[in-house]
Amino acid sequence: QVQLVESGGGLAQAGGSLRLSCAVSGLTFSSYGMGWFRQAPGKERELVAAITWSGGSTYYPDSVKGRFTISRDDAKNTVYLQMNSLKPEDTAVYYCAGNLGVLTTSPRYWGQGTQVTVSS
């Protein structure tokens, strides 16, 4: 059974930092492209970070570039999202997701989500 379990969400002040973790089990983690998506109330789901199966390449949209960093630890089957210089508009439910090979906009596997709230 494949499981993706996020942790590390919570409340932060604008300008602060949070680190999200996603522990993955039930699949060959090192073969999967991984990513973090977010969805705010009334808004479409947005990809905020992606990392290739090798860890050699990452992607960020302009909205978070320079503030968010995705990383992976294949020994721990875990992917991380370091979020710095948080803004109120970063408030959303954050989801970890994975897809065999290349991450797409509709990955096969999803976590349950973790709430991030940034106060001004």
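As the structure is a computational prediction, the values presented were derived from the model and not from experiment. (Residues numbered from 1 in each chain as written. Predicted model: local features only at pLDDT ≥ 70, side-chain atom pairs only at ≥ 80, totals over all residues. Heavy atoms only, no water.)

J.: Residue-level account of the side chain of D90, with values.
T.: Position of D90 relative to the elements: it lies in the loop between β8 (78-83) and β9 (92-100). Classification of D90 by relative accessible area gives buried; the value is 0%. Among the polar contacts made by the side chain of D90, one reaches the main-chain amide nitrogen of K87 at a distance of 2.8 Å. For D90, the residues in contact, after removing those within four places along its chain, are R38, R67, F68, S85, V116 and V118. (Helix = DSSP H or I, 4+ residues; strand = E, 2+ residues; numbered from the N terminus. Buried < 20%, exposed > 50% of the residue type's maximum accessible area, 1.4 Å probe, protein only. Polar contact = N/O pair within 3.5 Å; in protein donor to acceptor, adjacent residues only side chain to side chain. Contact = heavy atoms within 4.5 Å.)

J.: I'd love a proper account of the nonpolar core, names of residues and values included.
T.: Within the largest apolar cluster, 29 residues are counted, with the highest numbers of intra-cluster contacts made by M34, W36, F68, V79, L81, M83 and Y94. Of all the secondary structure elements, the ones that give two or more residues to this core are β3 (18-25), β4 (32-39), β5 (46-51), β7 (68-73), β8, β9 and β11 (114-119). Of the residues forming this core, the biggest block, four residues, is contributed by β3. V79 has contacts with L20, S21, C22, F29, M34, W36, I51, I70, S71, R72 and C96, leaving out every residue within four places of it along the chain. (Core = buried A, V, L, I, M, F, W, Y, C linked by side-chain atoms within 4.5 Å.)

J.: Now, about the packing of aromatic side chains: what can you tell me, with residues and values included?
T.: For the structure on display, the rule yields three aromatic pairs. Ring plane angle 50° and centroid distance 6.1 Å describe the contact between Y32 and Y109, whose orientation is recorded as tilted. In this pair, Y32 sits in strand β4 while Y109 sits in strand β10 (residues 109-110), placing the two residues 77 residues apart along the sequence. Summarising the burial analysis for this pair, Y32 and Y109 share the class buried. Within the aromatic cluster, the residues linked to one another by ring pairs are F37, Y95 and W110. The ring of Y80 has R19 lying over it, and the distance from NZ or CZ to the ring centre is 4.0 Å. It is R45 that lies over the ring of F37; its NZ or CZ is 5.5 Å from the centre. (Phe/Tyr/Trp six-rings, centres within 6.5 Å; stacked < 30°, edge-to-face > 60°. Lys NZ or Arg CZ within 6 Å of the ring centre and 35° of its normal.)

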